[in-house]
Amino acid sequence: MTQFTTEFHGYKRAEVDKFVQTANDAIASNDPARRAKAQADAQAVTFPVTLRGYNRREVDHYLRRIAKGRPDDRA
């Protein structure tokens, strides 16, 4: 599972964790429709900001990688 830094105001951790797990499972699947949906969802998803949430910049960068179908690509 991807680790994100926790900060004072950040994205709600439980919602990010759930989305990332679901998206990673879809990207890893052999189902092109699931992969495409995960990629589209990564471009459209929004998360509430809360105290002690995940670093927004890190999560947004990861979402861009999911949208490209390469969540493990560090570029």
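As the structure is a prediction and not an experimental result, all values here were calculated from the model. (Residues numbered from 1 in each chain as written. Predicted model: local features only at pLDDT ≥ 70, side-chain atom pairs only at ≥ 80, totals over all residues. Heavy atoms only, no water.)

### Description of the overall build of the protein chain
No. 1: For the protein chain, the helix and strand inventory stands at three helices and two strands.
No. 2: Listing each helix as α and each strand as β along the protein chain from the N terminus yields β-α-α-β-α.
No. 3: Taken over C-alpha atoms, the radius of gyration comes to 12 Å for the protein chain, in line with the 11 Å a tight globule of 75 residues would show.
No. 4: Summarising its shape, the C-alpha atoms of the protein chain cover approximately 40 × 20 × 20 Å along the three principal directions.
No. 5: Expressed as a percentage of contacts within the protein chain between residues at least 6 apart in sequence, the contacts between residues at least 24 apart total 71%.
No. 6: Roughly 4,900 Å² of accessible area belongs to the protein chain as shown, and the carbon and sulfur atoms make up 49% of that amount.
No. 7: The average position of the 14 basic charges and that of the 10 acidic charges among the side chains of the protein chain differ by 2 Å. (Helix = DSSP H or I, 4+ residues; strand = E, 2+ residues; numbered from the N terminus. Rg over C-alpha atoms; globule rule 2.2 N^0.38 Å. Contact = heavy atoms within 4.5 Å. Areas by Shrake-Rupley, 256 points an atom, 1.4 Å probe, with all protein chains shown as cover. Lys, Arg positive; Asp, Glu negative; His and termini not counted. Charge placed at Lys NZ, Arg CZ, Asp CG, Glu CD.)

### Some details on the environment of aspartate 17
No. 1: Mapping aspartate 17 onto the fold places it in helix H1 (residues 13–28).
No. 2: C-alpha separation for the pair aspartate 17 and glutamine 3, spaced 14 residues apart in sequence, amounts to 9.4 Å.
No. 3: Within the local environment of aspartate 17, its side chain forms a polar contact with the side chain of tyrosine 54, the two groups lying 2.8 Å apart. (Polar contact = N/O pair within 3.5 Å; in protein donor to acceptor, adjacent residues only side chain to side chain.)

### Brief notes about the pattern of salt bridges
No. 1: Within the structure shown, the criterion is met by two salt bridges.
No. 2: The partner of glutamate 7 in a salt bridge is arginine 56, and the shortest N-O contact between them spans 3.9 Å. Here the residue glutamate 7 occupies a position in strand E1 (residues 6–11), and arginine 56 occupies one in helix H3 (residues 56–67), the gap between them amounting to 49 residues.
No. 3: Exposure remark for arginine 56: the relative accessible area of 35% places this residue in the partly exposed category.
No. 4: With a closest N to O distance of 2.8 Å, lysine 37 and aspartate 41 form a salt bridge. (Salt bridge = Lys/Arg side-chain N within 4 Å of Asp/Glu carboxyl O. Buried < 20%, exposed > 50% of the residue type's maximum accessible area, 1.4 Å probe, protein only.)

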